[in-house]
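An overview of the molecular structure
Listed below are the residues making up each chain.
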Amino acid sequence: MPIVVWQLVFFVFPLLFLLLMSFWLVKNYRMVPGFDSVNWIKMYGKGYFWDGYWRTLGYAGITTVITSVLAFPCAFTLAFKVSPTVRRWAMFFLIVPFFTSYLVRIFSWQIFLNDNGIINVLLGLVGLGPFSMLNTFFGTVVGYLTLCLPLAVVLQLISLSNVDRRLIEAAHNLGCGSFRTVFAVIIPLAKIGIIVAAVFCFILSFGDFVSPYYLGGSKPPTLSILIIDTTKSGQQWPRAAVVAITMIVTLFTIMFTAIALAYRRRS
Amino acid sequence: MPTNPAQPLVLFDHVTKRFGLTTAVDSISLEIFEGEFLSIMGPSGCGKTTTLRMLAGLEEPSEGDIQLAGERINNVTVSERDTPMVWQSLALFPFLNVIKNVEFGLKMRGVSATERRQRALDWLERLEIADFADREISQLSGGQQQRVALARSLVTEPRILLLDEPLSALDANLVVRMQGVLTKLQKELGITFVYVTHRQSEAFAMSDRVVIMNQGRIEQIDSAKGIYRNPATRFVAEFVGANNILTGTVIAADELIEIETPAGRFKCAENSDHTWSIGDTTSLVISADLIRLSTSAVNETNEMACRFISEEFVGSIVTVLAETPDGADFRIQLQQRELSELDLNVGATIYVRWDSHDAHLLRDTT
Amino acid sequence: MIRAKAYDGLFYFYVALVFVFVFLPILTSFVFSFNSERFPTIPLGHFTLHWYTLAFTDADVWDAFRVSLIVSVSVAFIATFLGFCTAYTDYRYNFFGKSAYLALSLLPPTIPLVIMGLAMLALLARIGMSGKIISIIVSHVVLCSPFAMAIVRMRLAQIDPNLESAAWNLGASQWRTMREVIVPFCAPALISAFCLTAAVSFDEFAVAWFVSGLNKTVPVIILEILQGNTDPRINAIGSVVFVTSITLIILAQIIYMRKSSRKTLTGF
């Protein structure tokens, strides 16, 4: 029971307040409560908002696809081609980085991807490059991957491990080649895990600001960076609230759609 | 086991239990006496476990009263009743070792540490597992865990012990051994055991009295022998033992009752209080092991010509399946050597007969 | 297992690549924290503890560690407690509105941290509570309770359904059963949840950044340093943070694995 109280007070309420705040005005660097949709109109009228919106959506979408695709062979191998002990240890070590030191890892990537960084130095030895990787979309994606890949592998792995082996054997028995089996049998059966993994990737990359900021050059900005800029430098909290609410609505829509898709037509 | 007909230890007075729209227990009345070993038996869903749980306080009766030692306990909570139970899954505490498990009940009653350790050890010795006192539960075998569960329930020296199918998960040979342990324990302690099971063999082997339940109602309460020889209802006749049931109408009601059935006319010496009139519908029950078999007619009363179908060996006893003249199943149990002497072929005609005093009429023919 | 084939080697190599991708940044940070060169690149300089001393003689850094410690331990206690209550309620009772109750408890991880930070800051500033340590604690509890709840709930799923009844049957009141049976049974999950929530809180930067004001936690300090020029102190601080977090996570997993029948936190 206490958790309901806590969550209501400290979780639901602040978000509702955010919604409320989006209708307030800013006069002389102070917020004035009121009910005015000027913030919404202004924000939605700005080109850079919509640029940011579609960009963030696009980034998150691309990242989700890339992460899911990159995670799958790894999850597949761990689910089907290693002993249970190895699988357990792999899970153990994948869970660890998920919870720790995102910032530090991003910083390290800065070192790596820098024009004078390790990768370019190594490439230079072979006569290649230097490639500009920092402050580009590539850098942002690397950052997102750092955030999402372990989680995607773990979630896909859980789902794949629960696939009934006998169904796979039956498929082989009926003449399905290994490669086809993957697409025709295994993926449909593990559909839910794959979709859940994708949903989490999307949520994380949609809302993250560290990767685009420190590895992607922060310009042009994603929605998360927009929020930070609007609050930290502009003190335009109501405007930031507009961005935030839009993000939440988008996320919820995508989440529910994905889950509805996942649970439809279960064979 | 001394019985005290003046006051039963436990009394169920028209107790009903409903779960939503389902009636699990339907107005049962039952007396349980001090010092007896009582089994409640029946098929799955008959309400036996619900009855036991109501006695323990884990379910509340929808209607009716339950009394323990003369006092109404409907509103007494589980923790306050002294009705320890041995669970089917044993429900031993995995985070406590053996002796701490056994001490648990005493600890809850505030018994001092030294005293409860001593009493727990005494019980472990009594059940011959004192060597395992410091072990973890997971290190014990199934039979040993059973004994720990027993010790844990008995350490508080209750007047009554409830057992919910405790032997269901054990291997066959272990079951026989544990049955011996339970019977011996009950006799030594002299306390009441209420034992729930779906297995006939367990109930009959250990109990003083057996309660047969079906669909929430009590069909019969009697000693094992009584149920076996004099089933009161059709359900009991079909559920217990191997009985043959022939339904028909009474055509004569003198010293011997004669009934007319599709398979023929039979006579029965009825010794119950019920008076039969001509025209009554009834069923005749004759146990398969009281039937004599021959290859030629002897022309006694209660003789019937049947067609031999098959035989089924269960050790030294064999069950013969035959077909009555009107196409119904008929079972005969006899010794294997008797059967081999008859040398029967499938489809052969055999003559079955029985004594009028061995048959039994059912009042309830539903 | 599917029949082993010749190109299985490729698969294993791929998995190795993934692990390299995940762990390389951590390792390099660790390595460079001991490197004498200011700018981290190869070839390496010589071994030195210079950056560590520099980082940890800074009063701000020490303060940040102090704040982080207070916050993460407090959060761990509160979140574990709340998580336990929720998990137990879910296990034992079925009531009207249960789905909504569960959804509410498990929703926080789906909201981007930036937004949470903004929302919390906005509200707390309004009631004059921003910039205080307690605000960080409160925000983090919201984020971490779902993890605690999930861990305890998984443990409760393993309990013999009759265990509680057995305790009552033997004379234990509801309260005593909670104390003597449920809590000891959940002990590995509780410790595990404690370590995990402490680690998550210790590491969380976004919400802390918004809400902490002058009471900065370590990740916030890291963020601030990051915004400046390349400062090798980050490697030193980051390595310490990483070692702390990873110790907690590993502890959480090991305790859970040893004391329960499940092999990993996710149940293999």
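About the cut-offs
- Residues numbered from 1 in each chain as written.
- Chains lettered and ligands numbered in written order.
- Predicted model: local features only at pLDDT ≥ 70, side-chain atom pairs only at ≥ 80, totals over all residues.
- Heavy atoms only, no water.
- Pairing = 2+ DSSP bridges.
- Helix = DSSP H or I, 4+ residues; strand = E, 2+ residues; numbered from the N terminus.
- Axes fitted to C-alpha atoms, helices over the stretch in contact; angles between N-to-C directions.
- Contact = heavy atoms within 4.5 Å.
- Buried area = accessible area lost by both parts, 1.4 Å probe.
- Salt bridge = Lys/Arg side-chain N within 4 Å of Asp/Glu carboxyl O.
- Polar contact = N/O pair within 3.5 Å; in protein donor to acceptor, adjacent residues only side chain to side chain.
- Buried < 20%, exposed > 50% of the residue type's maximum accessible area, 1.4 Å probe, protein only.
- Domains from an automatic or database assignment.

Description of the sheet that holds strand β17 (residues 317-323) of chain B
Residue and element names in this part refer to chain B. With antiparallel pairing, the five strands of this open sheet are ordered in space as β15-β19-β16-β17-β18. Edge strands, defined here as strands with exactly one partner in the open sheet, are β15 (292-294) and β18 (329-335). Mean inter-strand twist for the sheet, computed between neighbouring axes without regard to direction, equals 45 degrees. Across three bridges, β15 lies against strand β19 (residues 349-353) in antiparallel orientation. Residue pairing in the sheet places Ser 294 in a bridge with Tyr 351 of β19.

Describing the interface of chain C and chain B
Interface extent is often summarised as the accessible area lost during association of the parts. Opposite the 17 residues of chain C that make contact, chain B presents 22 residues. Here chain C and chain B share an interface that buries about 1,700 Å² over both sides, 63% of which is from carbon and sulfur atoms. Applying the counting rule to chain C against chain B returns one salt bridge. A salt bridge links C:Glu180 to B:Lys107; the nearest nitrogen and oxygen atoms lie 3.1 Å apart. Summed over the shared surface of chain C and chain B, the number is seven residue pairs in polar contact (both at pLDDT 80 or more). Listed by contribution, the elements that provide at least two residues to the side of chain C that touches chain B are α7 (163-169) and α8 (174-203) of chain C.

A few points about the pattern of salt bridges
Summed over all chains, the structure comprises 23 salt bridges over all chains. Taking the shortest distance from any N to any O, the salt bridge between B:Asp65 and B:Arg72 comes out at 2.7 Å. Connected via shared salt-bridge partners are B:Lys107, C:Arg176, C:Arg179 and C:Glu180.

Side note on unusual backbone geometry
Negative phi characterises most residues that are not glycine, and trans characterises most peptide bonds. Residues and elements named next belong to chain B. The phi dihedral of Leu 90 falls on the positive side, at around 75 degrees, and the residue is not glycine. Along the chain, Leu 90 falls in the loop between β6 (85-86) and α2 (98-108). The exposure class of Leu 90 is buried, given its relative accessible area of 9%. Notably, Glu 157 is not glycine yet its phi reads approximately 50 degrees, a positive angle. Assignment of secondary structure puts Glu 157 in the loop between α4 (142-154) and β7 (160-164).

Topic: the domain arrangement of chain B
When its domains are assigned, chain B resolves into domain 1 (10-229) and domain 2 (242-362). Between domain 1 of chain B and domain 2 of chain B, the C-alpha centre-to-centre distance is 39 Å.

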